[in-house]
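In case you want the letters, here they are:
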Amino acid sequence: MQTACQAVQHQRGRRSIYNAAVWYFHHIQDRMPVVMVTEDAEAIEQYGSETEGVFVISFKNYLDNFWPDFKAAHELWESILQSRRERENESQESRGREYPEHLPLEVLEAGIKSGRYLQGILNVNKHRAQIEAFVRLQGASSKDSGLASDILIHGMKARNRSIHGDVVAVELLPRKDWKGRTTALCENDSEDKAPGEASEPMPTGRVVGILQKNWRDYVVTFPSKEEVQSQGKNAQKILVTPWDYRIPKIRISTQQAEALQDFRVVVRIDSWESTSVYPNGHFVRVLGRIGDLEGEIATILVENSISVVPFSEAQMCEMPVNTPGNPWKVSAEEERDRRDLRKSHLVFSIDPKGCEDVDDTLSVRTLKNGNLELGVHIADVTHFVAPNSYTDVEARTRATTYYLADRRYDMLPSVLSADLCSLLGGVDRYAVSVLWELDKTSYEIKKVWYGRTIIRSAYKLFYEAAQELLDGNVSTVADIPELKDLDEKSRQAKLEELVWAIGTLTDIARHVRAKRDRCGALELEGVEVRVQLDEKKNIHDLIPKQPLEVHETVAECMILANHWVAKKIWESFPHQALLRRHPSPHQEFFAELRECAKARGFFIDTRSNKTLADSLDNANDPNDPIVNRLLRSMATQAMSNALYFSTGTCAEEEFHHYGLALDKYTHFTSPIRRYSDIVVHRLLMAAILKDKKMEIKENLFNNKDLEELCRHINNRNRAAQHSQKQSTELFQCMYFKDKDPETKERCISDGVIYSIRTNGVLVFIPRYGIKGAAYLKNKDGLVVSCGPDSRSVWKPGSLHRSQDKITSTTTEGECVTFHLFDHVTVKISVQAFRCHSDTIRLEIISNKPYMMPNTELCPQSSLLKSELVKEVTRSVEEAQLAQEVKVNVLQQEYQEYCQTKGRSLYLLLEEIRDLALLDVSGNYGI
C-alpha cells in the first residue's frame, strides 16, 4: 500500500511534469500543441482540460487519435490559433483583453512634445484605491497644459496597468466625460461603500503608456488556506495582497502559501500582461510575523525603500579615532586656519531632552562699539567627510537620518553623529559659523561673516529649562549640570550671563519673525504628539507637544542662517547652488479651508501668503481656540511640498519660499542628519575661497548632476516623512489595541468635527493628536441617533448633508445635527487588518463634549502652560528611569551596529507631522 509520503512525492512529480509541458507550450508561443502521455488516471482528470493547447491523455488515446493522423491534429490546432487571432481583432470586450496596449515610447514622447499627451506621476487615492487616482503633472506638461489641477483617472480600466508612483502619459477625455472626485468617507478600498457625492468635474483622462515604472519590492500577505483553495485548482499560482492599499494584488507561483500565511513577505513585480487583471511577480524574502513589532517596522522600511544596513568596514576605517586612550583633539593646523571662539564667545545649544546629534549652537554678545553680535554655529561635518569617500557615498545614498517612533537610523556613523560632529557641552569642536553684527536698538543687520571656527559649547540646554530661564524662573538651575558644581557666587554670575543671552536671543528672534510676518510668513499647525515608550517598547502615553517661545527663538535663528547662506552660495554660484523652494499652492486646495471658515463666520483670503496669514490671524474664536488650530492645519494640508533644487534649472522668481516668505532659502543647519546640508557647506566653503581669490580644490556638482541629486534627496525626504508617520500610527494602534474601549477611560476622548462628508464626519482628537473618520451611517444602513441623554445609538434612517452640517433622521422622526467645529465624545478603538496596517477607528458616542477628569493631561484642561510643561517633563523622566536597566545592553548594540537605538532616542521625535509641509525649517520643522 502506498504510504502518505510516497503519495505526496508522486503528486509533486506529476505536477512538475505537467508544469514543464505548460512552460514549453508557452515557450514556443502557443504555435504547436503539446501532448503529455500518461497512464495516471488522476492526472488525466486533473489536468486534461486545464490549459488550452496542452493535452493530457492516455497512451492508448494517443495511439488511436494523434499518432495515426498527427497532421490532422496539427491542422486542427492551426484552426484554433486562427480563431484566436480573429477574436483578438474584435472589440476589446469580445476578445477578452483586459487593457489596451500601451503606446510605443517614441509615440508617447512625440505626443508629449506636441501636447496631445501629458506627462505626470500617478498618485492612487488610498481610501478609494479601486476608483480614484490622480496624475500630478511634471516637466513641460505642468507649465504648458494650462490646467490648474491634477488629472483625475477614474477606475482601473483608465489606469491601464499603471501602478502608484509610475511616470505615465495621459490623454485627456472630452470635457463631457470629466468626473468629480468622491467626497464620501470610505473605509479601505472596496467599491461597495456609500458612493457619496462627487465634487465639481475636474480634468479627467486615461493612461496611454508608462514612461517609467515604479516596480520595486512590495510587502504582501498570503491568503488564508480557505482563500487559496477558492482561487482555483492550480494553488501554485495565487494572488497575494500588498500591504499598501494602492497596489493591486500580485499573482505569484509558489508551493509555500500555507507555510507563509502568518508572515509579511516581500515580492517583486515582473510583468503585467494586457490580458491579465493582475500583475505577475515572484517571492523575494520573509520579513517577519504579522503583528510582530520588528516585522511591522521592517515592513515600513521596505515599503519606503529604506535601507538600514550597518556601516561597512571600509566606511568605519575612514572615521577619526576618539577613545579614552587616544582622545581626539584640535590639530595645530586647524587651530591656525580657523577663527577660535572658545574664549571670546558664550556658545550654547538648546535641543530636545536626550538629543544626541547636536548640530547647531547659538551665541550672542555685545561688541565694543555697543552693537550686538549674533552667532549660529553648525557642526563642520565636511571636515570629516571627504567628497566621494566611502562615508560620503553612503551618506548621499541615505540622504537623511530616518526617525521612527522608537528608534532612528543615522545618515552618518555614530562616531560622527553622536560624538565628534555633535556640539556637546564642555568639549572642543569644529564648526562652520555665521556671525551677524546687529544694530544695538533696531537689530538691523550691519554686516555678516562666514567661516570655519573652533567652539566649546558652555551649556547643553533642553527646551523646557531654557523656557524657564526665559520666564525668569531660575529654580531650574538644578536641571543645568554645568552649573551644579560651582560655588554660589560663580553660579549666580554665570546664570545671569546665560539668562541675558537667552533673553537677548529671544528679542532678536521676535524682530526677525516680525519682519517675515510683514512679508507674509505663515504660522502653520501640525499634528504634534510625542510617543512615550516603556522598557518593553509598549506605549506608555501619547503626549501633545506644548509650544514654547524658545522653540520659536531657536527656529528663527536657524531660518536666518539658512536664508543668508542661501544668498551667499547663489551669489557665488548662480547656476549650481542647492536651494530649497516652496511653491505657491493651487487655489483649489484651499476650497475646504474657505468653506469651513465661512461656516464659523470667518473669511479666508488665499490670494497670497500675506493675505492668508492675516486671515488666519483674524480667524479666532475666543470661546474655542481649537478652531484656529484646525483652520491652520487645513491651510498646512493645502500646501505644496517644499523641494530642493539646483538654481540652474529655473528662473530666479521661482526660488521663493511661500511658507517662510523668503526670496531665497536653503538647508545649512543640520549636516549631521541631512545630506543637502553637507552639499551646502561645501558650496559655502567654495564661495569663501572664491571671495579670497583662492583655488577651489573640490569639484562641485554641475547643474545637471546637482538637479539629479536633488531629486534623490527629495525622494528620500518623502520616504522619511512617510516612515515616521507610519511608525507613529503603528504605535498609536499598539497603545489602544489591547484596551477595551467599553471600559478603559483612555479610549474615550473629546473630539472636534473639522469636515463634513456624505456619510460621516472627520474628527480631530486634541488629546492624542489623532485625525480620523467617524461614520454616521454604518454598513447595515443604520444611522446615528442621540437620545435625551445625548448617548448615540444606531437606528434605521437617513442622512442629509449641507455645507457646514449633517443631519441624521431616523424613521421614527428623531433628528440630530452635527455642525462643523462641534465638540463631541468619541470612542477610540483599533480596527485590525490581516493584510494591511491596523487603523484607529473613531465612533461618536455622544453629541456633547467629553468632560475629562482633572487628573488627565489635556490641552483643553485648566492647567497653566508651565504646569503642563512640568507634567510632561515628569512623565518623560519617569519613562527614562524605567529604562536604566537596559542601558548597558543598548550601548553594546549601539557600538556593534553603529546605529542609535534605545531610551534616549524616544525623545528625539520632537514633533510628528503628517502634513504636506513637514520641515519648514532646519531642526524645527522649517
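Scroll up a little and you will see the structure.
Residues numbered from 1 in each chain as written. Predicted model: local features only at pLDDT ≥ 70, side-chain atom pairs only at ≥ 80, totals over all residues. Heavy atoms only, no water.

(A) Representation of the overall build of the chain in the model. Each helix and strand in the chain was counted, giving 25 helices and 34 strands. When each of the 926 residues of the chain is scored for burial, the buried share is 52%. In the chain, the share of contacts with a sequence separation of at least 24, taken over all contacts with a separation of at least 6, comes to 68%. Accessible surface for the chain amounts to roughly 42800 Å². Of this, 50% is attributable to carbon and sulfur atoms. (Helix = DSSP H or I, 4+ residues; strand = E, 2+ residues; numbered from the N terminus. Buried < 20%, exposed > 50% of the residue type's maximum accessible area, 1.4 Å probe, protein only. Contact = heavy atoms within 4.5 Å. Areas by Shrake-Rupley, 256 points an atom, 1.4 Å probe, with all protein chains shown as cover.)

(B) Representation of the environment of isoleucine 678 in the model. Here isoleucine 678 is to be found in helix α22 (residues 675–691). By relative accessible area, which is 0% here, isoleucine 678 ends up buried. Between the alpha carbons of isoleucine 678 and aspartate 380 there is a distance of 8.9 Å; along the sequence they are 298 residues apart. Residues within four places of isoleucine 678 in sequence aside, it is in contact with Val381, Thr382, Met411 and Pro671.

(C) Up close: the side chain of arginine 342. By secondary structure assignment, the location of arginine 342 is in the loop between β13 (339–340) and β14 (347–351). At 2.8 Å, the side chain of arginine 342 and the side chain of glutamate 335 are in polar contact. Those residues in contact with arginine 342 that sit more than four places away from it in its chain are Val330, Glu335, Asp428, Ile454, Ile455 and Arg456. (Polar contact = N/O pair within 3.5 Å; in protein donor to acceptor, adjacent residues only side chain to side chain.)

(D) Main features of helix α23 (residues 703–737). Over its 35 residues, α23 runs 50 Å from end to end, which matches the ideal 51 Å to within 8%, given 1.5 Å per residue. Structurally, the start of α23 carries an N-cap: the backbone nitrogen of lysine 704 is 3.2 Å from a side-chain oxygen of asparagine 702. (Expected span 1.5 Å × (residues − 1).)

(E) Representation of the nonpolar core in the model. Counting 89 residues, the largest nonpolar core has Phe348, Trp436, Leu461, Phe668 and Leu684 as the members making the most contacts within it. Ignoring sequence-local partners within four residues, the contact set of phenylalanine 668 consists of Ile378, Val432, Val434, Ala561, Asn562, Val565, Arg674, Asp677, Val680, His681 and Leu684. Ranked by size, the runner-up nonpolar core spans 51 residues in total, among them Val627, Leu762, Cys786 and Ile844. (Core = buried A, V, L, I, M, F, W, Y, C linked by side-chain atoms within 4.5 Å.)

(F) Structural context of the pattern of salt bridges. Taken as a whole and assessed by the stated rule, the structure comprises 53 salt bridges. Between aspartate 691 and lysine 568 there is a salt bridge, with its nearest N and O atoms 2.2 Å apart. Pair noted here: aspartate 691 is in helix α22 and lysine 568 is in helix α18 (residues 549–572), with a separation of 123 residues, a long-range link. Classification of aspartate 691 as partly exposed rests on a relative accessible area of 46%. You can call lysine 568 buried: its relative accessible area is 15%. A salt bridge links glutamate 592 to arginine 757, with the nearest nitrogen and oxygen atoms 4.0 Å apart. Here the residue glutamate 592 occupies a position in helix α19 (residues 591–599), and arginine 757 occupies one in the loop between β26 (748–756) and β27 (760–765), the gap between them amounting to 165 residues. What makes glutamate 592 partly exposed here is its relative accessible area of 36%. Judged by relative accessible area, which is 21%, arginine 757 ranks as partly exposed. Several salt bridges converge on common partners, so that one network encompasses Glu335, Asp340, Arg342, Asp428 and Arg456. (Salt bridge = Lys/Arg side-chain N within 4 Å of Asp/Glu carboxyl O.)

(G) Main features of the pairing of strand β4 (residues 132–137). Judged by how many residues are buried, β4 sits mostly within the fold: five of six residues are covered. Across five bridges, strand β3 (residues 118–124) lies against β4 in antiparallel orientation. The residue of β4 that forms the bridge with leucine 122 is valine 135. In the sheet, β4 pairs with strand β5 (residues 151–154) via four bridges, with the strands oriented antiparallel. Paired with glutamate 132 across the bridge in β5 is histidine 154. (Pairing = 2+ DSSP bridges.)

(H) Examining the sheet that holds strand β20 (residues 445–456) more closely. With respect to topology, seven strands assemble into an open sheet ordered β13-β20-β19-β16-β15-β14-β21, the strand pairing being mixed. Each edge of the open sheet is held by one strand with a lone partner, namely β13 and β21 (459–462). Here strand β16 (residues 372–379) runs beside strand β19 (residues 428–438); their pairing, made up of eight bridges, is antiparallel. Following the sheet pairing, leucine 374 is matched in β19 by tryptophan 436. The strands touched by helix α17 (residues 488–519) within the sheet are β14, β15 (360–366), β16, β19 and β21, with β15 carrying the most contacts at an inclination of about 100°. Along the sheet, α22 contacts β16, β19 and β20; its crossing angle with β20, the most-contacted strand, is approximately 115°. (Axes fitted to C-alpha atoms, helices over the stretch in contact; angles between N-to-C directions.)

(I) Geometry of the sheet that holds strand β9 (residues 237–242). Around the barrel, which closes on itself, the five strands sit in the order β8-β9-β10-β12-β11 with mixed pairing between neighbours. Across the sheet, the axes of successive neighbouring strands diverge by a mean angle of 55°, strand direction being ignored. Bridging between strand β8 (residues 217–221) and β9 involves two bridges; their strand directions are antiparallel. Residue pairing across strands places valine 220 opposite proline 242, the latter belonging to β9. Running at roughly 145° to strand β12 (residues 280–289), helix α10 (residues 293–303) makes contact with β8, β11 (263–271) and β12 of the sheet.

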